[in-house]
Amino acid sequence: MLDQQQGGDCAERLERVGAWEKVIAFAQAAQVREIAGFAAEVTTDPEFGDDPKQVYASVCAGVGAMTRLAARTAAARVDDALTLVERLPAVLSALGSGLISLSSARAIADETAGLDPALLGEAEAEILWHASGRTTGQIRGTARRVVAGLDADALRRRAERARRARCVRLASERDGMATLSAYLPAAEAVAIHGVLDDYARRAVRQGEDRSMDNRRADALVDLVLDRADGSGSRAEAQIHVTVSLTTLLGLDQLPAELAGYGPIPAEVAHQLAAEGTWRRLVTDPVSGQLLDYGTARYRPPPPLAGHAMVRDHTCGHPGCRVPAHRCDIDHHVPHNAREGTGPTSGGNIGPLCRSHHRLKHSPGWSVTRDPDGRLTWRSPTGHRFTRYPPRLSYPQGGSDPGSELHEVGFPDAEFPDAEFLNVRFSDVGFPDDGFPDDRFLDSVLSDVGCLNADPDDVPNQAAVTVECTSPTL
C-alpha cells in the first residue's frame, strides 16, 4: 500500500508525491458523487419540504456542516458536484482517474457553462485529449479555445456580458495594506500590465532593493496619481493578437488569440487592428501550429527571434504562461561555435521567462525540442515533463480553403486579389492608413500560393493567419 512505503531516493519520493495526488483526486471525485447523490435524495425526502429554494439551502447547509465549510464555499461545492455529475461525466471520470485535479475540473465546468448542451460531449473529449500533464491555467485556456472553436458566438455573448460587469474593487488587508483589483476586458488589462512592466524594468536605480513586483506597484501609484516617474519618457507596451485572415476579411467570425490570455472575440480583434503592425503566418489547419513565418511587416523584428516568439506564444516551461515577447530567447542546446553545437536555428531556440531560463541552466535540468514542437524538460531526478505547442489558428472542421472560398462566392476557389481585399478591409472599418498596402497583401497571398493562382494550385494544407502587434490602448 502507498501509505506503507517510506524512504527511497529522490526519484522514488517524487513518484509517491504524484501517486498521492492521484489518490486525492480519486477521493475528491468520490466525494463529488456523494454530494450530488445527497442532493438528489433530498429532493425526494418529504422531511426537507417541497420548496426548491429551501431544499437547495438545506443541501448546502448539510454539506457545509459536515465538511466545516462556510456557507458560500459549501454552495460552490454543491454547484460543482451537480454540474460535473449531470453535465460533464467524462470530466468527472478524468478526475477520478487522476488525469486532472479538482481545480481543473472546476475550470472546465466554468468555461463550458454557456455552451449548447448538444456540444458538451465533443467539448469534453477535445479538452481532455489535451489535459494530461497540464496545469489548471493551461486546461482553462484549452477549454476556452475549444468552446470558442465550437461556438464562436458563445464567446462573443459571454464577452459582452462580462464587459458589462467591469469594475475596480478595494479590499482591506492587514498591516496597513489594501488590495486594489480591476476586472477589465482582457486586451486592456494585458496592455496596462505591459505599461507597468515597462516602467518597472526602467526604474532600477543604483542600490535598488525593490523587487519587480514592488516596482510595478510603485509605477501604478505614480501613473494613477500623476507622479513623475523620473525617466523623462513615456513607457510603452505592446499586445500581440493572432487572427485568421478570413476573419479580418469578414468572411467568418473565428476567435482571435491574445498572447498571455487566450481566445478573444473576432470583433475585439477588429477593434485592435486599426493601429496594429501586421505580418502573415502560415499555420497547419489541423493542429493550428506555426508552419512558416513571414517578415512582410512594416517594422520587422529579428526574423528568427520573431519566429520563435510567434510559434511558442508563451514561455516554454510546462505550466508557465508568461507571454513570449516578455521572455528571453534561449538555446535549448547551449551554443558553442568552437565545437559546432547548439545551432542558432528555429529548432534550437525558444522563449523562456527569466525564472525558467535560470532553472534550465541549473544542474540536472535539460530541454529538448521534438520535430512536432513538443518541449521535453528533464529534471535532476530523471522525470520528464512535456510542454505541447500552442494552437495559433481555429480551423473550421479541417475543410480545405478552396471549398470555403467557393461557398462565399469566389469562382473556382480562386483567392481574391489585392483590390478585393482592400475593399473588404474598408468594409469592416479599417482606415486606409491603418491597414497594410497592396504590396503587403500581395505578399500575404503569394507566400502561400493563392494570389492569381490556378485553381488546382490553391493549397489545401495551410491556413493563413495574421498577427497584429498593437500599441498600448
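This text follows the structure it describes.
Residues numbered from 1 in each chain as written. Predicted model: local features only at pLDDT ≥ 70, side-chain atom pairs only at ≥ 80, totals over all residues. Heavy atoms only, no water.

Trainee: Pulling in residues and values, what's your account of the layout of surface pockets?
Mentor: In this model, the largest pocket occupies a volume close to 1500 Å³. As for the largest pocket, its lining consists of 44 residues, and the residues nearest its centre are Tyr183, Leu184, Pro185, Ala186 and Ala189. Of all the elements in the fold, those that place two or more residues in the lining of the largest pocket are α5 (102-111), α7 (136-150), α8 (152-163), β2 (178-183), α9 (186-202), α10 (212-224), β5 (262-264) and α12 (266-273). (1 Å grid on protein atoms, 1.4 Å probe; cavity = no way out; pocket = protein on both sides within 12 Å on 5 of 7 lines; lining within 4 Å. Points joined across faces, edges and corners; volume = space filled by probe spheres on them. Helix = DSSP H or I, 4+ residues; strand = E, 2+ residues; numbered from the N terminus.)

Trainee: Break down the sheet that holds strand β12 (residues 384-387) for me, with residues and values.
Mentor: Taken together, 3 strands build an open sheet; the order of strands is β10-β11-β12 and the sheet is antiparallel. In this open sheet, the two edge strands, each paired with only one partner strand, are β10 (366-369) and β12. In this sheet, neighbouring strand axes are inclined to one another by 20° on average, regardless of whether the strands run parallel or antiparallel. The pairing of strand β11 (residues 375-378) with β12 spans 4 bridges and is classified as antiparallel. Its bridge partner lying in β12, Trp377 is registered against Phe385. (Pairing = 2+ DSSP bridges. Axes fitted to C-alpha atoms, helices over the stretch in contact; angles between N-to-C directions.)

Trainee: Before we move on, can you summarise the packing of helix α2 (residues 52-67) against helix α3 (residues 71-86) with the specific residues and values?
Mentor: Where α2 meets α3, the axes come as close as 8 Å, and the angle between the chain directions of the two elements is 110°. Comparing the axis directions of α2 and α3 gives the class roughly perpendicular. As α2 runs across α3, the sense of the crossing is right-handed. Residues Tyr56, Val59, Cys60, Val63, Gly64 and Thr67 of α2 touch α3, and the partners they reach there are Ala74, Ala75, Arg77, Val78 and Asp79. When grouped by side-chain class, the residues that make up the contact of α2 with α3 number 7 nonpolar, 2 polar and 2 charged. (Parallel < 35°, antiparallel > 145°, perpendicular 65-115°, else oblique. Left-handed = near helix turned anticlockwise from the far one by under 90°. Contact = heavy atoms within 4.5 Å. Nonpolar A, V, L, I, M, F, W, Y, C, P; charged D, E, K, R; others polar.)

Trainee: So what's going on with the pairing of strand β1 (residues 167-172)? Residues and values would help.
Mentor: Of all 6 residues in β1, 0 are buried; the element is thus mostly exposed. Both β1 and β2 contribute to a ladder of 6 bridges, which runs antiparallel. What sits directly across from Ser172, in β2, is Ala178. Between the antiparallel neighbours β1 and β2 lie 5 residues, among them Asp175 with a positive phi of about 60°. (Buried < 20%, exposed > 50% of the residue type's maximum accessible area, 1.4 Å probe, protein only.)

Trainee: Which residues make up helix α6 (residues 120-129), and what values do they have?
Mentor: Looking only at α6, the buried set comprises Leu120, Ala123, Glu124, Ile127 and Leu128. With its buried residues spanning 120° around the axis, α6 presents them on a single face. Away from its buried face by more than 90 degrees, α6 exposes Ala125 and Trp129. (Arc of directions from axis to C-beta.)

Trainee: Account for the pattern of salt bridges, with residues named and values stated.
Mentor: Counting across every chain of the model gives 19 salt bridges. Two residues, Glu111 and Arg140, come together in a salt bridge whose shortest N-O distance is 2.8 Å. Of this pair, Glu111 sits in helix α5 while Arg140 sits in helix α7, and the two are 29 residues apart along the sequence. We classify Arg140 as partly exposed; its relative accessible area is 24%. Residue Arg144 is joined to Glu111 by a salt bridge in which the shortest nitrogen-to-oxygen separation is 3.3 Å. Highlighted residues: Arg144 in helix α7 and Glu111 in helix α5, separated in sequence by 33 residues. Relative accessible area serves as the criterion here: at 7%, Glu111 is assigned to the buried category. A single salt-bridge network, built from bridges that share partners, covers Asp197, Arg201, Asp213, Arg216 and Arg326. (Salt bridge = Lys/Arg side-chain N within 4 Å of Asp/Glu carboxyl O.)

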